[in-house]
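Tertiary structure, described
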Amino acid sequence: MADPEPYPPIDPTNFDLIVIGTGLPESIIAAAASTAGKSVLHLDPNPHYGSHFSSLTLQDLVSYLNIQSINPQKSNTEASDRTIALDVTTRPIYSDIEICSYDNSVKDHSRKFNLDLAGPRVLFCADLAVDLLLRSSANQYVEFKNIDASYVCDENGDLMNVPDSKSAVFKDRTLKYSEKNQLNSFFKLVQGHLEAVKSVDIGSDDGKMISEEDLESPFVVFLDKMKLPPKIKSIILYAIAMVDYDQDAGESCKDILRTRDGIDRLALYHSSVGRFPNALGALIYPIYGQGELPQAFCRRAAVKGCLYVLRMPVISVLLNKDSGNYNGVKLVSGQEITSNKLVINPSFTITSSPSEPLQDVYKVFNVGTVTGKLARGICITKSSLKPDASSCLVIYPPRSLYPEQATSIRVLQLSSNLAVCPSGMFVFYISVVCDDALEGKKSLHAAIDNLFSRHTSSPTDSGSTDQTESAKVKPTLLWSALYIQDLIEGLMGPAVMTPTPDGNLNYNDLLHATSKLFQKLYPDDEFFPKTSYTDSSDQFEDDSEVGVESYISSRLGGTGDGGDTVDVHHGVWTASMWL
Amino acid sequence: MATNGHNNLNAKLVLLGDMGAGKSSLVLRFVKGQFLEFQESTIGAAFFSQTLAVNDATVKFEIWDTAGQERYHSLAPMYYRGAAAAIIVYDITSADSFTRAKKWVQELQKQGNPNMVMALAGNKADLEEKRKVTADEARVYADENGLFFMETSAKTAANVNDIFHEIAKRLPRAQPTQNPAGMVLVDRPAEGARAASCSYGFQNLGTLYSV
């Protein structure tokens, strides 16, 4: 909404915590701190919530990518007598942006898109994000739908269904009888192990556990030991455990998954299947896009008293001249706001101005180094990959598309039934971890060529190799955006820096990092106390302090409103994940 | 979005308007029959519900409050999503709040569902002696912009139930859902924490696909 005052004065001017940026980690910290009774000011220079975790219209997405890839001009700020001002500048985290439009009908509907900046992303029904939504009571603001199916690309370039449960294995038509038996007995072994681990916790041991030696060994070695054929191994490693790097590459593999972690990931996947009785698969996606999640946590924070100001750039961080300690921030309006703590997202850097060379301070305000790169792609089509699935996940394991493909490429197809695009269109998100832009783009293009046919009136050379495979009738690519995103990890300092979106499908690693940052920030406060988690009526009363019980019961029991309310069992798995 | 089932409608209703116009007071009067002379700025309340019987159906309003995010014009799009109705509230003793109300109407027209039922509430109607906005002026504006208009008083309860009833009557009945309904994740301690441990691992797998 257009404001007559572009930068309204903020009142009050002192807070326990100032948070800059409304990405998911910042929003969760704001909500957790507000819940713990801190006074919080949450600022974002953008006109929208979500920072790098936003879902945007097509036009807004393109301009955001472009703005966030430009090195900004330095602003020189003046400090008052008692403080030293360090410049806050935006750091470009996107690069190598390629936008291709083959059909104007896409741009004409720009506003009907909610495109994720950090796609592909899904939630596993038993993962930390779901847990956190429930613990914080932010769950009531977001609705989800199931992802219909998962496919994995086999050695022939064909997509085969991922059989992720006993019954799915049973029903699968592509697996041989012997393969089904192998997969089932492997699942049984893992199940036995998990039960044994559990019973050890209560003091008995039925000896079904996988040996400690095996648990420490690479998961791929363990799968070989279990004599699983390559096809099954590939499904388990890349489509269920969602591993990035080629596990068969031996010593040269950057990230070998240990059996212990592999089994944890299987457990997460399988406790996700069936966590909500009326959600069929393991994976869910929020209606209107992933950008709803930061909004939900911000709303939760607001309910707990957090003050929200969008479109409010911070130009400098103020330090006490004598002690050098963090003191507050200066807004673009010139107003100075003080706080005890500062959380800032990694699209900003804090630098000392040339006039005040503060090497020491500069060192303390570590800006967060780029630890890796991700190639991301967004593609739009008018048809679905598979006629019977409106939303699906596709995994291209390492080496499945071309011999040098070092990492898994993951693709998520979504349809208009998730309100992310106009009806009749489909959105595909593609991502791959990469060492450099060239390699990343190569992987994206390989996946795009495998998934789509180029538009007939394409301005670029239409891939002649696609013509031979036209019998398969691939969706025609109408629009695409490819870009490289820097990976920056969260870190603790005088200012807490939150992490950028990572390359994972779910938010588990990010949320782990976020809860750790919160604990370091407020060691004496609990990260969303669990009280509301065990008693759902509390949860609703908590939200409306006036307590409208009739509403609570009717909402919980509400059926026939088209929106299914799903139950979730409080699983041991999810509880223990926080330990 | 108003969703229909056996003559029972569920409708999300959002409140908009300046800080201090009386949004929360209107809801509290409607939902709880209460009025607090010095209602604090909205903190802690964000969600209310009330069911109304109208001629042919019952309407359950799911009322969303701004949670204070309107203060610096930072309402999330989430707030408007799927809203079937909106009440834009201004304070009849503040010309500014009426000007701001018009801005909120524009914002809604931009963001919201075209079939949304919009009501303009001139609140604090009990403060006649301090009136700055005439009823005629507001009525003309409302007519021109497809809103219906009432002057209300959360303090005396005047027209409070009426404005919600009028919205309930005006909600389209067999409205096709514009956007898909999904599932809300709800944590229910079902059979207690111990029983829940069976969702650990693989034990549920046998029954999953028969759901």
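Residues numbered from 1 in each chain as written. Chains lettered and ligands numbered in written order. Predicted model: local features only at pLDDT ≥ 70, side-chain atom pairs only at ≥ 80, totals over all residues.

Describing the overall build of chain A
Put simply, the rule reads: For the purposes of this entry, the term helix denotes a DSSP run of H or I that reaches at least four residues, the term strand denotes a run of E that reaches at least two, and both are numbered from the N terminus. Using C-beta atoms placed from the backbone, we call a residue buried if 20 or more other C-beta atoms fall within 10 Å of its own, exposed if 12 or fewer do, and partly exposed for counts in between.
Within chain A, the secondary structure is distributed over 19 helices and 23 strands. Looking at chain A as a whole, 51% of its 579 residues qualify as buried.

Some words on the overall build of chain B
Condition: By the convention adopted here, residues make contact when the C-beta atoms placed from their backbones lie within 7 Å.
From N to C terminus, chain B includes 7 helices and 8 strands. When each of the 211 residues of chain B is scored for burial, the buried share is 51%. Taking as baseline every contact in chain B between residues at least 6 positions apart, the subset at least 24 positions apart corresponds to 72%.

Considering the confidence of the model for chain A
All names here are of chain A. Going by this rule: The pLDDT value expresses, per residue, how confident the predictor is, ranging between 0 and 100.
Residues with a pLDDT of 70 or more make up 81% of chain A, whose mean pLDDT is 82. Contacts from residues 458–470, a stretch scored under 50 in pLDDT, to residues over four places away or in other chains number 9 contacts. A low-confidence stretch, residues 532–579 stays under pLDDT 50, and its non-local contacts, those more than four residues away or across chains, total 110 contacts.

Remarks on the environment of B:Ile88
Considering the arrangement of structural elements, one finds B:Ile88 in strand β5 (residues 85–91). With 35 residues separating them in the primary sequence, B:Ile88 and B:Asn123 have C-alpha atoms 9.9 Å apart.

A look at the sheet that holds strand β21 (residues 477–488) of chain A
Residue and element names in this part refer to chain A. Put simply, the test is: Pairs of strands are assigned from DSSP output, requiring at least two bridges between the strands. Angles run from 0 to 180 degrees between N-to-C directions of axes, and those axes are lines fitted to C-alpha atoms, restricted for helices to the stretch in contact.
Reading across the sheet, the 8 strands line up as β5-β21-β17-β20-β19-β18-β9-β10 and stay open at both edges, with mixed pairing between neighbours. At either margin of the open sheet sits one strand with a lone partner, and together these are β5 (94–101) and β10 (159–161). Neighbour-to-neighbour, the strand axes of this sheet turn through a mean angle of 20 degrees, independent of strand direction. In this structure, strand β9 (residues 149–153) lies alongside β10, joined through 3 bridges in antiparallel fashion. Paired with valine 152 across the two strands is methionine 160, which belongs to β10. Its contacts with the sheet place helix α13 (residues 437–451) against β5, β17 (370–381), β18 (392–396), β19 (409–415), β20 (426–434) and β21, and it is angled at close to 145 degrees to β20.

Observations concerning the confidence of the model for chain B
Residues and elements named next belong to chain B. Predicted confidence across chain B gives a mean pLDDT of 79, with 75% of residues reaching 70 or more. In the predicted structure, residues 189–211 sits below a pLDDT of 50 and forms 56 contacts with residues beyond four places in sequence or in another chain. ipTM for the predicted complex: 0.81, alongside a pTM of 0.86.

Things to note about the pairing of β19(A)
Residue and element names in this part refer to chain A. For β19, the tally of buried residues reaches 7 of 7 residues, placing the bulk of the element in the interior. Side chains of β19 alternate between two faces, with Ile409, Val411, Gln413 and Ser415 and Arg410, Leu412 and Leu414 buried alike. Taken together, the 5 bridges between β18 and β19 define a ladder with antiparallel strand orientation. Looking across to β19, one finds that tyrosine 396 is bridged to isoleucine 409. Sheet topology note: the β19/β20 ladder contains 6 bridges and is antiparallel. The residue of β20 that forms the bridge with serine 415 is phenylalanine 426.

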